[in-house]
Structure formats: structure tokens, C-alpha cells
Amino acid sequence: MELKEKVYYVGVNDRTKALFENLWPLPYGVSYNSYLIVDDEMVALIDTVDVAFFEVYLKKIRSIIGDRKINYLIINHMEPDHSGSIALIKQYYPEIVLVGNKKTFEMVEGYYGVTGERYVVGEGDFLNLGRHNLRFYLIPMVHWPETMVTFDETCGILFSGDAFGCFGALNGGCVDKLINTDIYWNEMRRYYANIVGKFGNPVQKALQKCSGLPIKMICSTHGPVWEAEIPRVIDMYDKLSRYEGEEGVVIAFGSMYGNTEELAEVIAEELSLQGIRNIVMHNVSHTHHSYILADIFRYKGLIVGCTTYNMNLYPEMESLLSKVAARDMKHRIMGYFGSYTWASAAVKKLAEYAEKLKFEVVGNPVEMKQSMKADNYLQAKELAGAMAARLKSERK
Ligand code: FEO
């Protein structure tokens, strides 16, 4: 599949894997994207694919270049979903020169024991393939320390590694303007929130670094090639990495027998009555946390509530909040509620999380013993009212 000016897509689709990184569900699959630049003088491969797909990958490469050799393998990112085929590529193309930065090569040796000729690049270094001139920019911690991007100055293609990537296999075409991209936007947010979410500042630095480049096409390592939708993609990554939230509330609850869920329902109903349109309710035991995290990245308001369990938080709530904390989530407005049967702990523990997360707390926490009484009902409505008023105060 030629993208432009002898730049080819040679990636593969994975519709078998259940959990990406053995953690995150893949309802639409995932693609591992790799690209081949076939210049008059030199051939360069950009990143590889998961080693399980090597056979089909090699077939794709050979269908384009036949027996011609590959001169360079450019390694933008070393996570094994992209680096997994390095050792086999080296075996099939022993003269290939690996291109990466200092940190890349520590990992190449550590993971695969691959040595041999290499070109160690630094910020702004370049590689000329004949007609295509490639320049390298380091973007550490997006989302590993060795991450870098490669910019093809000849045709304006940014090979961005995981940056601007998303979940979702490619169904037919790979360039955005030739396919229906509807499924990818939510999957981009979920990908970002779960994989890259902790690294807002490095992503901001990378965006600033790339902002001066005349980018005509973005070729990331996952999901569609972006051409028509470049502004939307950059805007989404920009907002996510600034932890900017839309008006709306995620209500995440942990409930064993439905009593705590009743409080959540009261809160949701009152938010709606107060004019908040975007309300997303998640049962923390039912919805995979990757989806809850994606919604927490999307909306500014967060109300969490759960029952007390073993004198602690309900375990699935503890698990969710620890994931939120691990992403250094910022700029969220938080309310909370909890319940207990004979000894209270949930509300106290949620207060500790609110402090740890440094979120702005609104309203008074609601604490319920056993089942909802009239005062709990009113307190829940007041909490929702406080959240709605705080969110509406930012309307323009
Ligand atoms: Fe798609 Fe960070 O690997």
C-alpha cells in the first residue's frame, strides 16, 4: 500500500490478542504499523511489528522490494509490539544498519542481543536515502525513555512512534481520508489514557517540538495514517496531555447489593436536573477500568463512591483510584460518597485519595449506613448540586 512518493505501509493487524500489554481489552483489535521507504539509492524500514506476525510482515516487505536489500532499520520505539521483529529482520537482512539513539541501543542489546553496524543519532541529526531526507527528533518519555520521531522532509511525513496512535485494527484502507474513522476517536482516548496518560508533560514537549514541522501526514505505530484529520488528532493529544476536561461527570461506584448504587442514581438524576448533559455512570466491578479511565480523561467532573470492605475501600474502587493516581491525573473536580454496615471506612479512605490526587473537592461527602434514608437522599442531591454549580461556573 503506497502512501506517497515510494513510502509504503507494511504494518499488520492483530485481531487475536485479548489484552494489549496483557492489560487493556481490544474490542476492535490493534494494528502494528511499520513503513518502508523505497528510495532510488537506499531502502529504509521504519519500526517493525510484533514478532508473532513476522511471516506476513516479511511477505509484505518482499512484495514491494523483492530481493533488494534493506539498508536501514529506523527504530523510533523499542516496546516489543514494534521492536519484536528486530532480531529476525537482522537475520534476513544481516547488512542492515540499525538507526536509533543511545538509549535505543541499550534496549536492542538487552532485549534481543543484536549487535552490528549502527547509526546512533541525536537531536536533529539526519539520514539521506537519495531523494528522501530523514531528520530525527528525540521525544523522551512518550512513553518510554528512548522514544523518538522521524520526519521525512521530502514529503512531509512524520513517523511518530506511539504518539498519535490508537487502538483498532485497520479494516481495508489505512489512510484516514479513505476509511470510516468513527471507531478510532474513542479508542484514541482510551489508548492515550491507559498507555501514555501519565506522561502529559513529555507529550506537551513533543507537540511543541513538532509544531514547527510542515507535517502533511502522520504515520504512527498504531491505527490509521492521519492526513485529512491531522488538526483533530493533534488537538485531541494536546487536550489530553494538558488534562483538559469537557463539561461532564463520571460517576464511578462500587456497590455489593445495590444500596450504594442507589446513591449514585440520585446523584446522576440531580446532575441531569441541574442541566449537566454529559453524565457517564460506571460500575467499577463491571466496566473494564480502561474505559472508566478514558472517560475520566474526557470529563472534568468525577464523583466516586463505594461501600466499605474489610475496613477499607471496596477493592475495585481502590484499584481504579490507584490507576488514576498512577497517571498523575490533574485538574479534576471531585465529589465522593460511601457506605458501611457496622464500621465506616470508605468515606475516610476516599478523602485520603482526594488529597493524594490533589483534586478540587466539591460538596460534602455523603456517608450512608446500610441503606438510603431521607437525609442521605438530600445529601446526595446537594452533592450533585454542588458539582453542577461548579461545572456551570466555567461556562462561557
Ligand atoms: Fe505500541 Fe509503546 O508500544
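Values in this document were obtained by computation on a predicted structure and should not be read as measured data.

### Considerations on the overall build of the protein chain
When you go through the protein chain residue by residue, the secondary structure sums to 12 helices and 23 strands. In terms of overall dimensions, the protein chain has a C-alpha envelope of 80 × 45 × 35 Å along the principal axes. Counting the 396 residues in the protein chain, one finds 57% classified as buried. Accessible surface computed for the protein chain: about 16600 Å², of which carbon and sulfur atoms make up 50%.

### A few points about the layout of surface pockets
Taken as a whole, the largest pocket encloses approximately 310 Å³ of empty space. Taken together, 17 residues form the lining of the largest pocket, with Met256, Thr307, Thr308, Tyr340 and Thr341 sitting closest to its centre. Going through the elements one at a time, α8 (259–273), β19 (299–309) and β21 (333–340) are the ones with two or more residues in the lining of the largest pocket. Looking at the lining of the largest pocket element by element, the count peaks at 3 residues for β19. For the lining of the largest pocket, the residue count by class is 7 nonpolar, 10 polar and no charged. Of the voids in this model, the second largest pocket is the one considered here, and its volume is about 240 Å³.

### Quick notes on the pairing of strand β13 (residues 133–138)
Taken together, the 3 bridges between strand β12 (residues 126–128) and β13 define a ladder with antiparallel strand orientation. Residue pairing for β13: Asn128 is matched across the bridge by Asn133. Where β13 meets strand β14 (residues 148–152), 5 bridges bridge the pair, whose relative direction is antiparallel. Bridge pairing in β14 places Arg135 opposite Phe151.

### Regarding the side chain of His77
Looking at the element boundaries, His77 is found in the loop between β9 (72–74) and α2 (80–83). For His77, the residues in contact, after removing those within four places along its chain, are Asp47, His82, Ser83, His143, Trp144, Glu146, Thr147 and Asp162.

### Things to note about the environment of Val284
Counting through the fold element by element, Val284 comes out in the loop between β18 (279–283) and α9 (289–298). With relative accessibility at 1%, the residue Val284 sits in the buried group. Setting aside anything within four residues of it in sequence, one finds Val284 in contact with Ala252, Phe253, Gly254, His289, Ile292, Tyr314, Glu316, Met317 and Leu320.

### Comments concerning the nonpolar core
Leu3, Ile61 and Met317 are the most contacted members of the largest nonpolar core, which totals 121 residues. A total of 8 residues in this core trace back to one element, the largest contributor, which is helix α5 (residues 182–196). Viewed by domain, this core spans two of them, domain 1 (2–241) and domain 2 (246–388), each represented by three or more residues. When sequence neighbours within four positions are dropped, the list of residues in contact with Met317 reads Ala252, Phe253, Gly254, Val284, Val304, Gly305, Cys306 and Leu350. Counting residues in each nonpolar core, the second largest holds 22 residues, with Ile251, Ala264, Val266 and Ile303 among its members.

### Focus: the domain arrangement of the protein chain
Annotation of the protein chain at the domain level lists domain 1 (2–241) and domain 2 (246–388). Summarising the inter-unit geometry, the C-alpha centres of domain 1 and domain 2 are found 38 Å apart. Of the residues lining the interface, 13 residues belong to domain 1; the matching set on domain 2 comes to 11 residues. Buried surface at the junction of domain 1 and domain 2, both sides included, amounts to about 1100 Å², of which 56% is carbon and sulfur. Counting every contact that joins domain 1 to domain 2 gives 1 salt bridge. Across the pair Lys198 and Asp328 runs a salt bridge, and its minimum N-O distance is 3.5 Å. Connecting domain 1 to domain 2 are 5 residue pairs in polar contact (both at pLDDT 80 or more). Contributions of two or more residues to the side of domain 1 that touches domain 2 are made by β5 (24–25) and α5. When grouped by side-chain class, the residues that make up the side of domain 1 that touches domain 2 number 7 nonpolar, 3 polar and 3 charged.

Conventions we followed
- Residues numbered from 1 in each chain as written.
- Predicted model: local features only at pLDDT ≥ 70, side-chain atom pairs only at ≥ 80, totals over all residues.
- Heavy atoms only, no water.
- Helix = DSSP H or I, 4+ residues; strand = E, 2+ residues; numbered from the N terminus.
- Buried < 20%, exposed > 50% of the residue type's maximum accessible area, 1.4 Å probe, protein only.
- Areas by Shrake-Rupley, 256 points an atom, 1.4 Å probe, with all protein chains shown as cover.
- 1 Å grid on protein atoms, 1.4 Å probe; cavity = no way out; pocket = protein on both sides within 12 Å on 5 of 7 lines; lining within 4 Å.
- Points joined across faces, edges and corners; volume = space filled by probe spheres on them.
- Nonpolar A, V, L, I, M, F, W, Y, C, P; charged D, E, K, R; others polar.
- Pairing = 2+ DSSP bridges.
- Contact = heavy atoms within 4.5 Å.
- Core = buried A, V, L, I, M, F, W, Y, C linked by side-chain atoms within 4.5 Å.
- Domains from an automatic or database assignment.
- Buried area = accessible area lost by both parts, 1.4 Å probe.
- Salt bridge = Lys/Arg side-chain N within 4 Å of Asp/Glu carboxyl O.
- Polar contact = N/O pair within 3.5 Å; in protein donor to acceptor, adjacent residues only side chain to side chain.

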